[in-house]
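# Overview (structure and organization)
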Amino acid sequence: MEKDITRPEEEARVLARILREEGLAELEFEAGQERFVLRAGRRREHPVPAWTGADPVEEALEALEGLAITSTRVGVVHLGDPQGGAVPAPVGATVPQGGIVAWIETMGVHQEVRSPQAGSVLEILVAEGEPVEYGQVLMVLGGG
Amino acid sequence: MFKKILIANRGEIALRILRASRELGLRTVAVHSEVDRDSLHVRLADETFCVGPGPATQSYLNIPNLIAAATIAGADAIHPGYGFLAESPRLLEVCNQHDLTFIGPGLEAMRLMGDKARARQTVDRVGVPVLPGTDEVTGEKEALDFAGVHGYPLMLKAAAGGGGKGMRVAHGPEDLERHFHTARSEAQSAFGDGRIYLEKFLPRARHIEFQVMADSHGHVVHLGERDCSVQRRHQKLIEESPSVVLGPEQRREMGEAAIRATRAAGYSGAGTVEFLFDPDSGAYYFLEMNTRIQVEHPVSEMVTGIDLVKEQIRVAAGHPLGFSQEEIQIQGHAVECRINAEDPEKGFAPSLGTIHDLHLPGGPGIRVDTHLERGYVVQPFYDSLLAKVIAHGRDREEALARMDRALQEMQVGGVRTTIDFHRRLLGTGDFRRGEIHTTFVEAWISGSAPEA
């Protein structure tokens, strides 16, 4: 285990391989001051028979930039407050740990999505009103 | 007809429903847990939704997520398969509220037949024999009083029950007192309903069930019987049709009783009326009605040539049955073996692992319903059914020879399976002669059954 991995990208690929080979759903690791989560990706809408499947490793690598906030249910995502319309977590915003970042509407009920840790919103991967499935990455958070 | 069906299940039955849907020209929506994302039924579906993590309570039993997936996908019907939510009045209710057709019976029929005590009363009123038994028993005293009148052995059963859970046999007053509370708490934890009732237990009886189909236009037919007497701890292992112990008269009489029970319940769709049959006296007793498509449905499909799942979907869409009672002919003999990921050497403990080697049998008269493929991981979250091997032949002898040949060919590497156990069981003189009953397997395992 003395292998010297200097490039973070290299390290990520090694870990991604472990993720795939072990069939894991999620893998956390630290590099320097930052903590990363690798998550096996999702797949939707497979035409048959031309199904090839998105590579979960590639998708996990996409989420490498920071902490992925995922959907905890199936429903329609709302980035704005269902009452007032204010968007609590646009790109660039800083969110506290436990802060509301979005809502998922399931059978008419709006369930809050909260940030597992403090950070700034690097990227939003869903559009307002888009259907989402369980585990789908909604947004990516950078170190606070 | 529907345009798009959401399949609220996994494994072989999800695949079975997907195939029927596709043959009917319908689009399919698969749902899956995180650990099932690479499953065959997911890869073959037109659209897919991950509905939760591995544990079924958070995924396959998650009604809000299933309904949200159906709504988002624009599905017009939900097929629940068997197990999971197949007999959930709650899912049916929510489907009704969201303009989704639940592929199964109506709410009243499901509730009625799901309550085992009410089901007994209902069929009793239309002249279908029921075993001597009680309504809900609330105390030990009441149970002992019933035993005083009817004698032992007795069966304690969950009112909301099914699948062998919450069932206990009492051979004497000590057993009855001991099992009374166990059965209650088991029923409470398995079904969220601790009500239990008592029934006379016939240890040497056969389990014979009739497949029924009913449409919303008042037509009810039966598709013959399945003999499911080969059970271990009330879980069926081998099913066959027709039963060797039923003559044409007996079949007609029990078939008509099954139809009366189905009508009395106001039932529509595919269902199964289960009976206990005493081969010595020829007497039969209603056990319960299962309000779903069953694991063993292929046995009836093989001998009737009717695709039950397609018919179930057609009927749910409001079409009349595609055949009359007279048009249903039983052709030859069919037998099904359930191949489970279990270790018969270790008390049938579940065996987990990755399938690294796989050969499925084929050839004349063999059908295999399975979701297995190389690389498939047997997970701890779900039941242990890996595959159903079904053999069809001109007669029982040919069907059994084909089954034995198929099980010899079958290779599943990576987990322990019940393949060899089935071969040994099929080879016993008792099974060959058809002299089996519901406690035969346990007796055979413990070495007390006479060998030929």
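Rules and cut-offs
Residues numbered from 1 in each chain as written. Chains lettered and ligands numbered in written order. Predicted model: local features only at pLDDT ≥ 70, side-chain atom pairs only at ≥ 80, totals over all residues. Heavy atoms only, no water. Helix = DSSP H or I, 4+ residues; strand = E, 2+ residues; numbered from the N terminus. Buried < 20%, exposed > 50% of the residue type's maximum accessible area, 1.4 Å probe, protein only. Contact = heavy atoms within 4.5 Å. 1 Å grid on protein atoms, 1.4 Å probe; cavity = no way out; pocket = protein on both sides within 12 Å on 5 of 7 lines; lining within 4 Å. Points joined across faces, edges and corners; volume = space filled by probe spheres on them. Nonpolar A, V, L, I, M, F, W, Y, C, P; charged D, E, K, R; others polar. Buried area = accessible area lost by both parts, 1.4 Å probe. Polar contact = N/O pair within 3.5 Å; in protein donor to acceptor, adjacent residues only side chain to side chain. Pairing = 2+ DSSP bridges. Right-handed = clockwise from strand over helix to strand, strands pointing away. Core = buried A, V, L, I, M, F, W, Y, C linked by side-chain atoms within 4.5 Å.

### Re the environment of A:Pro116
- With respect to the element layout, A:Pro116 can be found in the loop between strand S7 (109–114) and strand S8 (119–124).
- Residue classification places A:Pro116 among the partly exposed residues on the basis of a relative accessible area of 49%.

### Things to note about helix H5 (residues 107–114) of chain B
- Buried within H5(B) we find B:Leu107, B:Ala109, B:Met110, B:Leu112 and B:Met113.
- In this structure, the buried side of H5(B) is in contact with helix H4 (89–97), strand S5 (101–102), helix H6 (116–125), helix H9 (248–264) and strand S13 (283–290) of chain B.

### Some remarks on empty space enclosed by the protein
All names here are of chain B.
- Summed over the entire model, instances satisfying the criterion amount to 2 cavities of 30 Å³ or more.
- A volume near 60 Å³ is recorded for the largest cavity.
- In terms of lining, the largest cavity is formed by Arg10, His371, Tyr376, Val378, Gln379, Tyr382, Asp383, Leu385 and Leu386.
- Of the residues belonging to the lining of the largest cavity, the class tally is 5 nonpolar, 2 polar and 2 charged.
- A volume near 50 Å³ is recorded for the second largest cavity.
- Contributing to the lining of the second largest cavity are 13 residues, with Ile103, Gly104, Thr291, Arg292 and Gln312 lying nearest its centre.
- The residue inventory of the lining of the second largest cavity, partitioned by class, reads 7 nonpolar, 5 polar and 1 charged.

### Notes on the interface of chain A and chain B
- Taken residue by residue, the interface counts 17 residues in chain A and 26 residues in chain B.
- Of the roughly 1,800 Å² buried at the junction of chain A and chain B (both faces included), carbon and sulfur atoms supply 59%.
- Joining chain A to chain B, the criterion identifies 3 residue pairs in polar contact (both at pLDDT 80 or more).
- Among the residues forming the side of chain A that touches chain B, the class breakdown is 7 nonpolar, 4 polar and 6 charged.

### Things to note about the side chain of B:Glu225
All names here are of chain B.
- On the secondary structure map, glutamate 225 appears in strand S10 (residues 220–232).
- A polar atom in the side chain of glutamate 225 sits 2.8 Å from the backbone nitrogen of serine 243.
- Only 2.8 Å separates the side chain of glutamate 225 from the side chain of arginine 251, close enough to count as a polar contact.
- The contacts of glutamate 225, once residues within four sequence positions are left out, are Ile208, Glu209, Phe210, Glu240, Ser241, Pro242, Ser243, Leu246 and Arg251.

### Some details on the pairing of strand S1 (residues 4–7) of chain B
All names here are of chain B.
- Burial along S1 is two-sided: Lys4 and Leu6 facing one way and Ile5 and Ile7 facing the other are all buried.
- By the bridge criterion, 4 bridges tie S1 to strand S2 (residues 27–33) in an arrangement that is parallel. What sits directly across from isoleucine 5, in S2, is threonine 28.
- What joins S1 to S2 is helix H1 (residues 11–23), and the crossover it makes is right-handed.
- As paired elements, S1 and strand S4 (residues 77–79) share 3 bridges and run parallel to each other. Paired with isoleucine 5 across the strands is alanine 77, a residue of S4.

### Describing the nonpolar core
All names here are of chain B.
- Judged by nonpolar contacts, the single largest core of 36 residues is most densely connected at Ile238 and Val412.
- Residue assignment for this core shows that the elements contributing at least two residues are strand S11 (235–241), strand S14 (333–340), strand S19 (366–370), strand S21 (385–393), helix H12 (396–409), helix H13 (419–426) and helix H15 (440–445).
- Tallying contributions element by element places H12 first for this core, with 5 residues.
- Setting aside anything within four residues of it in sequence, one finds isoleucine 238 in contact with Asp227, Cys228, Val230, Val335, Glu336, Cys337, His422, Leu425, Leu426 and Phe431.
- In this structure, Leu18, Leu26, Ala77 and Met213 belong to the second largest nonpolar core, which totals 29 residues.

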